[in-house]
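# Summary of the model geometry
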Amino acid sequence: MDTMPDAIASAVARRVDEAGRVCVLTGAGMSAESGVPTFRGTQDSLWSRFDPMRLATADAWRADASLVWAWYRWRMRIVRQAQPHAGHRALAALARRHPCVSLVTQNVDDLHERAGSTVNAHVHGSLFALRCFDCGLAYDGPLGDFLSDAQRVPPMACPACGGGIRPGVVWFGEALPDDAWDAATDAARRCDLMLVVGTSGLVHPAAGLPALARRHGATVVEINPEPTALSGEADHVWRATAAEALPGLLAASA
Ligand SMILES: NC(=O)c1ccc[n+]([C@@H]2O[C@H](COP(=O)([O-])OP(=O)(O)OC[C@H]3O[C@@H](n4cnc5c(N)ncnc54)[C@H](O)[C@@H]3O)[C@@H](O)[C@H]2O)c1
Ligand SMILES: [Zn+2]
């Protein structure tokens, strides 16, 4: 395992250049430098006393949909106001330059897309892909006032059945969307190199993708300022943030 900052930039860039297929797996840390808080980082907000694990569930919605919806509107507002950073842009540039880069994200924001990337799989869904909690109908109506700081906002009503309109994310305890999971596992199995950026490796089954890639012969590189549950199984560990490491990687690759 290689942890020297200078050596690692050129070592990883060489791996990228040599790899026929690269898979990039991103987590909440990818968006942290755009100002979108992670679940496990420190955060200073009116929501800091709420535990995401208790809000991001179907049971929480059934118990108090207005509380859950207000929390999601707060998260949607942060994402709408955030901009992609140099790391998002570096990944988009890498995909234009390299013959095969797949991007698999656990993030529910759209910062990769807004930086110019094509996302192969949003394994945990997308904040803005709204649908009815009861009948599943996709909702593309108005979102209402985003600026309210209210701690309870009733969700919009489904035009078909009157059920509450929920965010298009995968809640704890829910199955991952089949098409996204199939695309993610396919990319993991086929890649020669996996870059794992900004994920704690605690949320399964997504946290199993690096091990899957490795079992199929890929080299795994972790980019994260902190040690994680995945560090031990990485071939290289790059202790840097996404906005530092990814532009550095792009600069060092051919
Ligand atoms: N932006 C988003 O879409 C968003 C935000 C919060 C949570 N989530 C959801 O919450 C779940 C949490 O799992 P997770 O593993 O993605 O995140 P996590 O919150 O569990 O862990 C975040 C990881 O990012 C690392 N990190 C922090 N700042 C970083 C930086 N600047 N550069 C690189 N790494 C950095 C941390 O050390 C940590 O390991 C995911 O399922 C995700 O869908 C998404
Ligand atoms: Zn409905």
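Residues numbered from 1 in each chain as written. Chains lettered and ligands numbered in written order. Predicted model: local features only at pLDDT ≥ 70, side-chain atom pairs only at ≥ 80, totals over all residues. Heavy atoms only, no water.

### Comments concerning the site of ligand 1
Of all residues adjacent to ligand 1, which total 27 residues, the nearest are Arg40, Gln106, His124, Thr199 and Ser200. Note that an oxygen atom of ligand 1 is positioned 2.7 Å from one of the backbone N or O atoms of valine 108. Within the side chain of threonine 199, one N or O atom sits 2.7 Å away from an oxygen atom of ligand 1. Here ligand 1, which alone exposes 840 Å², has 91% of that area covered by the protein. A class-by-class count of the residues in the shell around ligand 1 yields 9 nonpolar, 13 polar and 5 charged. (Near = heavy atom within 4 Å. Polar contact = N/O pair within 3.5 Å; in protein donor to acceptor, adjacent residues only side chain to side chain. Areas by Shrake-Rupley, 256 points an atom, 1.4 Å probe, with all protein chains shown as cover. Nonpolar A, V, L, I, M, F, W, Y, C, P; charged D, E, K, R; others polar.)

### A few points about the coordination of the zinc ion (ligand 2)
The zinc ion (ligand 2) binds to the protein through Cys132 (SG), Cys135 (SG), Cys158 (SG) and Cys161 (SG); the donor distances cover 2.3 to 2.4 Å. Viewed at the metal, the 4 donor atoms of the zinc ion (ligand 2) are separated by angles of 98 to 117°, and the geometry they form is tetrahedral. Along the chain, the residues donating to the zinc ion (ligand 2) are arranged with the sequence spacing C-x2-C-x22-C-x2-C. Look at cysteine 158 and you get buried, because its relative accessible area is 4%. (Donors = N, O, S within 2.8 Å, 3.2 Å for Na, K, Ca; no water. Tetrahedral: all angles 85-135°; square planar, octahedral: opposite > 155°, others 65-115°. Buried < 20%, exposed > 50% of the residue type's maximum accessible area, 1.4 Å probe, protein only.)

### Re the UniProt feature "active site" (unreviewed entry) in the chain
Taking the UniProt record as the reference, the feature "active site" (unreviewed entry) is found at His124. Counting through the fold element by element, histidine 124 comes out in the loop between strand 3 (121–122) and strand 4 (125–132). The class for histidine 124 is buried, based on a relative accessible area of 12%. Contacts of histidine 124, omitting those with residues within four sequence positions, involve Thr105, Gln106, Val108, Gly168, Val169, Val170, Leu176, Val203 and Ala206. Looking at histidine 124, its side chain comes within polar contact range of the main-chain oxygen of glutamine 106, at 3.5 Å. (UniProt positions renumbered as here; feature names shortened; annotations may be inferred. Helix = DSSP H or I, 4+ residues; strand = E, 2+ residues; numbered from the N terminus. Contact = heavy atoms within 4.5 Å.)

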